[in-house]
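Chain and residue survey
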Amino acid sequence: QVQLVESGGGLVQAGGSLRLSCAASGVFFRINTMGWYRQGPGKQRELVAGITFGGITNYADSVKGRFTISRDNAKNTVYLQMNSLTLEDTAVYYCNAVITDRISIQMNYWGKGTLVTVSS
């Protein structure tokens, strides 16, 4: 059973920073793409940033230059460094991972989410 557990959310003032972490546990062959999504109040879930196993990254236009995604493959962990936070960044942030299991089946996993609240 694969689990993704996020941490690092909380309350921060506008202009501040937070760092989210997501650790994958369980039995599997490899974690392929990892990413962060978010869902703000009254909004649909959207991709924030993604990173491949080899380290290629992509970002939503709204966070480019402010957020940085990284991963530690030895620790099965992905990070999201968020700087210059604005009120519009308030959302529940979800970790996502595409994982290949021991019989070469790829599956998509989600964490339960961590709340980021940016205050004025």
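So, here's what we can say about the structure. Within each chain, residues carry numbers counting from 1 in the order of the written sequence. Restriction of local features to residues with pLDDT of at least 70 applies here, the model being predicted, together with a cutoff of 80 or more for giving and counting side-chain atom pairs; totals for whole chains, interfaces and linings are based on all residues. Side-chain measures were taken over the full set of non-hydrogen atoms in the model, leaving aside hydrogen atoms and water.

1. Remarks on the packing of aromatic side chains
Convention followed: Aromatic contacts are taken between Phe, Tyr and Trp rings whose centres are within 6.5 Å, Trp giving its six-membered ring; a plane angle under 30 degrees counts as stacked, one over 60 as edge-to-face, and the others as tilted. A run of DSSP states H or I qualifies as a helix once it reaches four residues; a run of E qualifies as a strand once it reaches two. Both are numbered from the N-terminal end. Relative accessible area decides the class of each residue, using a 1.4 Å probe on protein chains only: under 20% of the type maximum gives buried, over 50% gives exposed, and in between gives partly exposed. As a reminder, the over-ring test applies to NZ of lysine and CZ of arginine, requiring each to be within 6 Å of the ring centre and within 35 degrees of the ring normal.
On inspection of all chains with the given rule, the structure shows 1 aromatic pair. Centre to centre, the rings of Tyr37 and Trp110 are 4.9 Å apart; their planes meet at 65°, and the pair counts as edge-to-face. Pair noted here: Tyr37 is in strand 4 (residues 30-39) and Trp110 is in strand 10 (residues 106-110), with a separation of 73 residues, a long-range link. On the basis of relative accessible area, Tyr37 is assigned to the partly exposed category, the value being 24%. Above the ring of Tyr79, the side-chain terminus of Arg19 is found at 4.1 Å from the ring centroid. Between the NZ or CZ atom of Arg45 and the centre of the ring of Tyr94, over which it lies, the distance is 3.7 Å.

2. Details of the state of the cysteines
The line we're drawing: Note on terminology: pairs of cysteine sulfur atoms within 2.5 Å are recorded as disulfides.
Summed over all chains, the structure comprises 1 disulfide. Each sulfur in the disulfide pair Cys22 and Cys95 lies 2.1 Å from the other. Judged by the sign of its S-S torsion, about -80°, the bond between Cys22 and Cys95 is left-handed. With a gap of 73 residues between them, Cys22 in strand 3 (residues 18-25) and Cys95 in strand 9 (residues 91-100) connect regions that are remote in the sequence.

3. Here's the deal with the nonpolar core
Quick note on the threshold: By nonpolar core we mean a set of buried residues, namely Ala, Val, Leu, Ile, Met, Phe, Trp, Tyr and Cys, connected to one another through side-chain atoms within 4.5 Å. Contacts are assigned to residue pairs with any non-hydrogen atoms lying within 4.5 Å of each other.
Core analysis: the largest hydrophobic core is formed by 29 residues, its most contacted members being Trp36, Val48, Phe67, Val78, Leu80, Met82 and Tyr93. Taken together, the elements giving at least two residues each to this core come down to strand 3, strand 4, strand 5 (46-51), strand 7 (67-72), strand 8 (77-82), strand 9 and strand 11 (114-119). Per-element accounting of this core gives the leading share, 5 residues, to strand 9. Those residues within four positions of Phe67 in sequence are excluded, and the remaining contacts are Arg38, Val48, Tyr59, Leu80, Gln81, Met82, Asn83, Leu85, Asp89 and Tyr93.

4. Concerning the side chain of Ser21
Note on placement: Ser21 falls in strand 3. Taking relative accessible area as the criterion, Ser21 reaches 18% and is therefore assigned buried. In this structure Ser21 touches Val5, Glu6, Ser7, Trp36, Val78 and Tyr79, once residues within four positions along its chain are discounted.

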